[in-house]
Amino acid sequence: MIPVREESADVPEFPMARAAGCPFDPPPGLRSRQEAGPLAKVRLWDGSTPWLVTRYAEQRTLLADPRVSADIMRPGYPSSAPIRPDGSGVSFILMDDPEHARLRRMVTAPFTVKRVAAMRPAVQKIVDDLIDEMLAGPNPVDLVEAFALPVPSLVICELLGVPYSDHDFFQENSKTIIKRDASPEDRTAAMGRLAGYLDELVGAKLANPGDDLLSRLTERVAAGELARAEAARIGVLLLIAGHETTANMIALGTLALLEHPAQLALLRETDDPKLVAGAVEELLRYLHITHNGRRRVALEDIEIGGQVIRAGEGLIMANDIGNRDPEAFPDPDRLDLTRDARHHVAFGFGVHQCLGQPLARMELQVVYSTLYRRVPTLRLAEDLAQIPFKHDGAVYGVYRLPVTW
Ligand code: HEM
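Numbers given to residues run from 1 along each chain, matching the order in which its sequence is written. Predicted model: local features are reported for residues with pLDDT of at least 70 only, side-chain atom pairs are reported and counted for 80 or more only, and whole-chain, interface and lining totals are derived from all residues.

Note the following rule: UniProt positions are given in the numbering used here, feature names are shortened, and annotations may be inferred rather than shown by experiment.
As named in an unreviewed UniProt entry, the protein chain is Cytochrome P450, taken from Saccharopolyspora shandongensis. The UniProt entry for the protein chain carries this comment under Subcellular location (unreviewed entry): "Cytoplasm".

**A look at the overall build of the protein chain**
Put simply, the rule reads: By definition, any uninterrupted DSSP run of H or I lasting at least four residues is a helix, any uninterrupted run of E lasting at least two residues is a strand, and each is numbered from the N terminus. For the exposure call, what matters is how many other C-beta atoms sit within 10 Å of a residue's own: 20 or more marks it buried, 12 or fewer exposed, and in between partly exposed, using C-beta atoms placed from the backbone. Placing C-beta atoms from the backbone, we regard two residues as in contact once those atoms come within 7 Å.
When its secondary structure is counted, the protein chain shows 14 helices and ten strands. For the protein chain, the spread of C-alpha atoms along the three principal axes comes to 60 × 55 × 40 Å. Across the 405 residues that make up the protein chain, the buried fraction comes to 41%. For the protein chain, the proportion of contacts with a sequence separation of at least 24, taken over those separated by at least 6, is 71%.

**Comments concerning the sheet that holds strand β4 (residues 141-142)**
Under the convention used in this document: Strands are treated as partners if at least two bridges between them are detected by DSSP.
Taken together, the three strands give an open sheet; going across it, the order is β4-β10-β9, and neighbouring strands pair in antiparallel fashion. The open sheet has two edge strands, β4 and β9 (379-380), and neither has a second partner. The sheet contact formed by β9 and strand β10 (residues 402-404) spans two bridges and is antiparallel. Residue pairing across strands places Leu380 opposite Val403, the latter belonging to β10.

**Some points on the packing of helix α7 (residues 167-178) against helix α10 (residues 228-258)**
Counted only if it meets this: To define axes, lines are fitted to C-alpha atoms, for helices over the stretch in contact only, and angles between the resulting N-to-C directions are given on a 0 to 180 degree scale. Our angle categories are set so that under 35 degrees counts as roughly parallel, over 145 as roughly antiparallel, 65 to 115 as roughly perpendicular, and the remainder as oblique. Three classes are used, and their members are as follows: Ala, Val, Leu, Ile, Met, Phe, Trp, Tyr, Cys and Pro are nonpolar, Asp, Glu, Lys and Arg are charged, and the others, Gly among them, are polar.
Relative to each other, α7 and α10 sit at 85°, their axes nearing to 10 Å. When the interaxial angle is binned, α7 and α10 end up roughly perpendicular. The segment α7 lies against α10, with Phe170, Ser174, Ile177 and Ile178 engaging Leu239, Ile240 and Glu244. Class assignment of the residues belonging to the contact of α7 with α10 gives a composition of five nonpolar, one polar and one charged.

**Quick notes on the environment of Val367**
Along the chain, the position of Val367 falls in helix α14 (residues 357-374). A C-alpha to C-alpha distance of 22 Å links Val367 and Asp168, two positions 199 residues apart in sequence. Setting aside chain neighbours within four positions, we find Val367 in contact with Val127, Val151 and Ile250.

**A word on the nonpolar core**
Counted only if it meets this: Think of a nonpolar core as buried Ala, Val, Leu, Ile, Met, Phe, Trp, Tyr and Cys residues, each tied to the set through C-beta atoms within 7 Å.
Judged by nonpolar contacts, the single largest core of 100 residues is most densely connected at Ala148, Leu160, Ala251 and Leu315. Take this core: its biggest share by element is 15 residues, from α10. Those residues in contact with Ala148, other than ones at most four positions away along the chain, are Leu143, Ala247, Ile250 and Ala251.

Encoded structure:
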């Protein structure tokens, strides 16, 4: 029996539901809470009542505050699902500095803007080849399976040194891990399978290194700077983060553009890389796919937004509604590819800000500047009402996107 605190009787549940027929807008409950003030209490699956931070300014302030911890093992952390008591499987996204910084530093090199720019021709070829295959295959087709998932999967596999031929295995398991309503047993089992798989790969690369990120990590293992299990956990994090997020941005971004034809026309008709880059930022802002919020716990009492957050209280920065804050983005519910949206929080903020953002940006720029120009008649093959949305996922998107041309 979950103990319900006195205050929780009139505290709304989180996550909240989106309005029917508005697949691109955050839940109306988040909007009303944002209008009422920057902080409000919400109730989670376990009966706990962390703070929901709704406004852009307070979200950025708190995400940059060293008195705020991302350590999932701390009491009060507002977890989205039960946590394994031994903390096994936890990677650096859920740790604090200095441990977080130590591990993150080991994998930053391939994600610098310069290294990512050098990968652009290879990503362009992947995108062109997949479009060729799609156009030569059956019509209609599911864009998720034929294009949105393979693009980032192929890229992250190449970068990490994971064989793409194993994609059915790792995509299936990562789907279970990020499914909000997966049972703890199923999630733990999926995590175990992926960790085992990465551990074997690390072992193979110890004996036979290649020119890839996992091999660089195994050098650290060999030098005694990193445990083999840590290397495998970093591999799992990068493999999941590297394809789930970008794949959803490709499919959901395409759907949003098909539903906003004047905006799609801007992209289809331009060869200006600046407009394309701006369009990527605006779609990241508008769609904000990591809709479960940035989860944190206060280490000390913090006064902010007219409230005192007590040490040990949980915090959820609802960045999806932060990206729709009228104080930061005028007319925030309008998709406008020409606005300056670069200050969005779709990649988070502070020390945990997305490591892969230069790569994600480049992949999305290549996709958005290629797909609609090469397939100008691209359109939905079913009604919008029939498209299944990932309301139950840690990453928002569509399960399938039937398209025709
Ligand atoms: C459109 C695509 C993407 C979106 C929207 C996205 C979003 C995010 C967000 C919001 C965070 C912050 C989490 C937090 O503060 O709790 C994050 C962290 C992270 N992302 Fe991404 N991401 C994307 C693509 C990628 C890619 C391609 C990779 C590459 C492997 C990646 C790797 C990571 C890693 C390793 C972290 C943890 C960083 C840390 O804790 O220091 N992401 N991402």
